[in-house]
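The primary structure of each chain is shown beneath.
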Amino acid sequence: MSQSRSKSRQLIILNRLPIHESFTQPLIDALPDDLSLHVVCGYTTETTKSDLSVFQLEPKYEWLLGFLVRRVIVTPASSVSKSLRGRSNIVAHLTHSLVSLHGVYPDSAFDAFDILFLAGEHQLNEFEKIAAIRGLERTKAHVTGYPKLDSKFRSEESSAQSGVREVLLAPSWGAQNTLRTSGVEIVKRLREADFKVVVRPHPHSYDYDVEVIRQLEVMSAPDPGLTVESPDFESEAMKSCDVLVSDWSGVAFEFCFTRLRPVVFIDSPRKIQSVESATINLPYMEEELRTVVGLVSSPSNLTETVLEVCGDVEEFSVQIEAESHRYVLNQGNAAAIVKDHLLDLLGS
């Protein structure tokens, strides 16, 4: 049954960080052209200055969205305020990582959401456990896939070829992240081995590890073989590098699942932000796959491990492709599935 525009909900896309655009743009592209849509950004861009449907709103003022009526608010950000719901809004989370939900996220990360759009069955199983602990049984969770990677899964290009020339270092963030503990050492070792190196810090590292980033930027100034890449935009190095080095970042699986190339994981303490995770008897995806889609190495043995893993690319690629289908559903079609859910909500 059709409903009048006055009774239908309106859609808001909330991008707290610039990198969130890479998660929401595939969804925006899939939406009907005549849909009433507003994009709210927690940062200033040329678009927020020129496009009347795009607004800037600092994250500390996001609660103001709760005063709007009958909106569907979709965001890749976790740990948003419950005030976004207001009296009649529906708040949906578009997952921004492929890793398990019950480890790297704080306990309250999903408390404010009415709906979750998840990448795979592992995240659904994890959220059901989280919901039981935190009383979120009314929150609906749908396994839709991972829209950010739709176009990459549809690409017929394969890069599962042996050899190594360029290495991308893309760690996670947090107290024990590799950038902080051994980032400079790793870069020096890789450059001594004559690898081209690109460092892509996590966006939150600019809040907590800025001194290390500045040191690497100083090192890169006279060295054409070293680049520090901004995390605000889609990574060009992800498309060109031969191997990715990380610790516990979900970007490792975005890389290997789409490029069919292995990852070298730095041997470091597992990233855990959840206290309640100890009561959830489920494996962590990011821990289970470390020796399936790549190899684990200490910083001191990194050069040797990079050479080893890139010598077995074809063997790794078979394993990686199988795991990608296990952990990411609806490859190439996720945005269309999320769109269908949203259109149902907008008519509710």
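Residues numbered from 1 in each chain as written. Predicted model: local features only at pLDDT ≥ 70, side-chain atom pairs only at ≥ 80, totals over all residues. Heavy atoms only, no water.

Caption draft 1: Region of interest: helix H9 (residues 251-259). Counting buried positions along H9 gives 9 out of 9 residues, so the element sits mostly inside the fold. Two residues or fewer after H9 comes Leu260, characterised by a positive phi angle close to 55 degrees. (Buried < 20%, exposed > 50% of the residue type's maximum accessible area, 1.4 Å probe, protein only. Helix = DSSP H or I, 4+ residues; strand = E, 2+ residues; numbered from the N terminus.)

Caption draft 2: Spotlight on the packing of helix H1 (residues 21-30) against helix H13 (residues 334-346). Closest axis-to-axis distance for the H1/H13 pair is 9 Å, and the angle between their directions is 65 degrees. Between H1 and H13, the angle falls in the class roughly perpendicular. Where H1 crosses over H13, the two elements pack in a sense that is right-handed. Listed contacts from H13 to Pro26, Leu27 and Ala30 of H1 are Ala335, Ala336, Val338, Lys339 and Leu342. When grouped by side-chain class, the residues that make up the contact of H1 with H13 number 7 nonpolar, no polar and 1 charged. (Axes fitted to C-alpha atoms, helices over the stretch in contact; angles between N-to-C directions. Parallel < 35°, antiparallel > 145°, perpendicular 65-115°, else oblique. Left-handed = near helix turned anticlockwise from the far one by under 90°. Contact = heavy atoms within 4.5 Å. Nonpolar A, V, L, I, M, F, W, Y, C, P; charged D, E, K, R; others polar.)

Caption draft 3: View of the side chain of Glu286. Relative to the helices and strands, Glu286 resides in helix H10 (residues 285-288). Of the side chains with opposite charge, Arg270 lies nearest to the buried Glu286, which makes no salt bridge, at 5.9 Å. Within the structure, the side chain of Glu286 is placed 3.0 Å from the backbone nitrogen of Ser100, a separation counted as a polar contact. Not counting residues within four places of it along the chain, the set of residues in contact with Glu286 comprises Val99, Ser100, Val104, Trp248 and Phe253. (Lys, Arg positive; Asp, Glu negative; His and termini not counted. Salt bridge = Lys/Arg side-chain N within 4 Å of Asp/Glu carboxyl O. Polar contact = N/O pair within 3.5 Å; in protein donor to acceptor, adjacent residues only side chain to side chain.)

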